[in-house]
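Remarks on the overall topology
So you can see what is in the structure, the chains are spelled out below.
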Amino acid sequence: MGAQSCIVAAVFAVLFSTLCVSPTGAGAAAAAPKPKFDILEVLAGSKEGSFSTFIDLLNQTGLAKEINSRDTITVLAVNDGAIGGLASKNLDRIKDILSTHVILDYYGIDKLQDLSPKKNTTVTTMYQATGVADGMQGYLKIVVLPNQGPKLTDRIRIGSAAKGAPIDIRLLIDNEVASKKFDYVVQSVSGVIFTPGIDGLTPPPTAAPAPKKTPVAPAPHHNTTTATPAPSPVDDDSDYDTPTPEAAPAPAPVLSSPSASVDAPTADDTPATTTPPPSSSAIHISSTHIFTALIVVLVSSFASAGL
């Protein structure tokens with residue numbers, strides 16, 4: 001009985017330890033689910049061109065793991081013939097640039113076909129999720145050109161939504177490089193997206209607006225008298241420089257008058273100033289003086305004659 005009890009106790013100990021350990025192992029397995037896709041494998045198996053440089057850069061920058069952790073993604077892949085000198089930049093810069101090629105939504109061919117040319121579509125990229133994007137650097141614009149036929153390669157243009165960025169990236173094929181609906185889609189594009197400020201470059205300066213023309217002051221008249229702000233009563237047809245004497249309504253010349261200033265009315269508005277004729281009262285006074293003088297002379301003459 002003693003031996004049997006020991007065996008039973010040992011079996012229970014093993015079962016107990018198994019029950020205690022197994023949930024922990026199961027929890028660890030649940031904490032690291034397998035990704036829905038591997039972007040590196042997807043690109044490597046593409047029959048739509050070689051993306052070896054793009055694959056290497058995604059791997060070196062660690063961006064591939066971040067892409068694989070997403071549930072829904074669109075990758076704008078650049079083939080070896082269009083990637084240019086991107087690989088010559090430092091890895092941090094490369095990661096920032098390639099992050100703008102990853103849209104945090106599903107944009108397959110069907111969805112692109114449904115976009116309207118009447119409205120540009122703005123989409124969010126993985127660079128926006130980094131929290132370091134400035135302004136609209138983390139967004140892309142998808143533009144549908146009107147009247148360009150049914151092919152997406154002719155109709156679709158993509159570019160950064162940042163101010164001054166060109167919208168000049170095209171789709172190279174009308175089909176997807178690879179896709180799993182609502183999980184991931186890879187589109188082949190014509191080049192690296194230029195985003196002002198991310199790659200250390202700035203957009204070309206826009207043309208400065210033409211300066212406003214400064215009104216040119218009219219040439220001064222040879223008459224040096226300064227005109228006052230008050231409106232002049234001179235008619236439009238009058239000559240400011242040499243007023244014509246025929247304009248005066250009275251033929252008599254002015255006997256004594258100061259020279260007219262600029263503000264003085266011209267002959268077209270008021271008659272010329274002339275010396276007024278002697279009034280009748282003045283004539284009467286003069287006649288009285290003459291008569292008195294004659295009487296004084298006659299009285300003096302009679303007194304002299306002894307009358």
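In case you missed it, the structure is sitting above this.
Figured I'd write up the structure that's included with this text. Fair warning: this is a prediction, and the values are worked out from it, not measured in the lab.

Moving on, we get to the nonpolar core. Membership of the largest hydrophobic core comes to 48 residues, with the highest contact counts inside it found for I39, L43, F54, L58, I67 and I158. Here this core gets 5 residues from one element, more than from any other, and that element is strand β1 (residues 73-78). Not counting residues within four places of it along the chain, the set of residues in contact with I39 comprises L58, A64, I67, N68, V75 and V186.

Attention now moves to helix α5 (residues 91-99). By the burial criterion, the buried members of α5 are I94, I97, L98 and S99. Next to the buried residues of α5 lie α3 (52-61), α4 (63-68), β2 (102-103) and α7 (126-129).

This next bit is on the environment of K163. One can find K163 in the loop between β5 (156-160) and β6 (178-180). Along the sequence, K163 and G135 sit 28 residues apart, while their C-alpha atoms lie 8.7 Å from each other.

Spatially, 3 strands are ordered β3-β4-β5 in an open sheet, and the strand pairing comes out antiparallel. Among the strands making up the open sheet, the edge pair consists of β3 (121-124) and β5. Here the strands of the sheet are splayed against their neighbours by 25° on average, with no regard to which way each runs. Inspection of the sheet shows strand β4 (residues 139-144) paired to β5 by 5 bridges, in the antiparallel sense. Within β5, the position partnered with I142 by the bridge is I158.

With that out of the way, let us pick up the side chain of S46. Positionally, S46 belongs in the loop between α2 (39-44) and α3. A polar side-chain atom of S46 sits 3.0 Å from the main-chain amide nitrogen of E48. Setting aside chain neighbours within four positions, we find S46 in contact with F51 and V177.

Here α3 has its buried residues at F54, I55, L57, L58 and T61. Considered in projection along α3, the buried side chains sweep an arc of 165° and stay on one side of the axis. Looking at α3, the residues exposed on the side facing more than 90 degrees away from the buried face are N59 and Q60. For α3, the elements touching its buried residues are α2, α4, β1 and α5. Immediately beyond the C-terminal end of α3, within one or two residues, lies G62, with a positive phi of roughly 80°.

Enumeration over the complete set of coordinates arrives at 2 aromatic pairs. Here the aromatic rings of F37 and Y184 are separated by 4.7 Å at their centres, their planes lie at 45°, and the arrangement is tilted. With F37 in the loop between α1 (2-31) and α2 and Y184 in strand β7 (residues 184-189), this pair connects stretches of sequence that are 147 residues apart. Relative accessible area serves as the criterion here: at 5%, F37 is assigned to the buried category. Judged by its relative accessible area of 12%, Y184 falls in the buried class. With centroids separated by 5.7 Å and ring planes inclined at 50°, the aromatic side chains of Y106 and F182 adopt a geometry described as tilted. Separated by 76 residues along the polypeptide, Y106 in the loop between β2 and α6 (109-113) and F182 in the loop between β6 and β7 bring together distant segments of the chain. What makes F182 exposed here is its relative accessible area of 55%.

About the thresholds
- Residues numbered from 1 in each chain as written.
- Predicted model: local features only at pLDDT ≥ 70, side-chain atom pairs only at ≥ 80, totals over all residues.
- Heavy atoms only, no water.
- Core = buried A, V, L, I, M, F, W, Y, C linked by side-chain atoms within 4.5 Å.
- Buried < 20%, exposed > 50% of the residue type's maximum accessible area, 1.4 Å probe, protein only.
- Helix = DSSP H or I, 4+ residues; strand = E, 2+ residues; numbered from the N terminus.
- Contact = heavy atoms within 4.5 Å.
- Pairing = 2+ DSSP bridges.
- Axes fitted to C-alpha atoms, helices over the stretch in contact; angles between N-to-C directions.
- Polar contact = N/O pair within 3.5 Å; in protein donor to acceptor, adjacent residues only side chain to side chain.
- Arc of directions from axis to C-beta.
- Phe/Tyr/Trp six-rings, centres within 6.5 Å; stacked < 30°, edge-to-face > 60°.

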